[in-house]
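Take a look at the letters that make up each chain.
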Amino acid sequence: MSFTKLQNQVAEGLQQIMDPEINTVSIVDLGMVEKIEIGQREDGYTVNVILLPTFLGCPALGIIKGNIIKSLFALPEIASATVQYAYHPPWTSDRITPQGLQGLKAFGISAPPSINEEDGSWEAECPYCSSMYVTVDNLFGPTACRSILYCKNCKNPFEVMKPISNLM
């Protein structure tokens with residue numbers, strides 16, 4: 001197998017790894033994949049995937065790592081596979097792809113809010129009715145990377161991705 005073909009297969013495999021908590025968004029579209037390193041040795045290829053966690057202490061990291069390793073070893077040319085987590089640069093919500101934003105919305109999670117630099121207020125769109133008439137209900141959501149907002153238009157609570165990994 002050519003090196004380029006293997007690179008493409010690894011990239012395609014990573015695109016299929018969904019966030020375990022948000023099954024409509026891949027780790028690639030969340031912007032977690034920082035780097036893919038592929039090497040070669042006598043018995044096959046080595047692959048090291050470097051990820052940026054969305055938040056420190058994310059409970060899904062072990063599951064994501066296991067899913068990546070399983071995906072890589074499904075390729076017969078892979079002799080060794082590792083996953084490492086990097087914290088510099090930190091993950092930010094700017095890394096989420098347009099496809100990732102659509103996946104979040106399909107799951108009922110708003111895209112990361114824009115922040116008013118003057119007063120620090122959040123501006124987020126309701127994923128259900130697209131209204132901007134929303135308020136922060138609870139900064140602490142079901143996971144460290146999300147907060148709970150409330151739409152005053154359609155009266156639905158919803159989650160929003162926090163804008164950066166080191167918000168707290």
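It should be noted that the structure appears before, not after, this text.
Residues numbered from 1 in each chain as written. Predicted model: local features only at pLDDT ≥ 70, side-chain atom pairs only at ≥ 80, totals over all residues. Heavy atoms only, no water.

Chemist: I keep staring at the nonpolar core and nothing clicks. Help me out?
Modeler: Across soluble globular proteins, nonpolar side chains have a tendency to be buried as a group. Core analysis: the biggest nonpolar cluster contains 35 residues, and V10, I27, L51, I68 and M161 have the highest contact counts within it. Of all the secondary-structure elements, those providing two or more residues to this core are α1 (3–15), β2 (22–26), β3 (33–41), β4 (44–51), α2 (61–73) and β5 (78–85). When residues of this core are assigned to their parent elements, the largest contribution, five residues, is made by β4. Not counting residues up to four positions away in its chain, the partners in contact with M161 are I22, L30, W91, L104, I109, S110, P112, P113, C145 and R146. Formed by eight residues, the second largest nonpolar core is a distinct cluster that contains A124, V134, C151 and F158. (Core = buried A, V, L, I, M, F, W, Y, C linked by side-chain atoms within 4.5 Å. Buried < 20%, exposed > 50% of the residue type's maximum accessible area, 1.4 Å probe, protein only. Helix = DSSP H or I, 4+ residues; strand = E, 2+ residues; numbered from the N terminus. Contact = heavy atoms within 4.5 Å.)

Chemist: Explain α1 to me, please; I cannot follow it from the model alone.
Modeler: The periodicity of an α-helix, 3.6 residues per turn, causes residues three or four places apart in sequence to face the same way. A rise of 1.5 Å per residue sets the reference length of α1, with its 13 residues, at 18 Å; its end C-alpha atoms lie 18 Å apart and thus fit the reference within 8%. L6, V10, G13 and L14 are the residues of α1 that are buried. Down the axis of α1, the buried side of the element spans an arc of 100°, and every buried residue falls inside it. For α1, the elements touching its buried residues are β2, β3, β4, α2 and β5. (Expected span 1.5 Å × (residues − 1). Arc of directions from axis to C-beta.)

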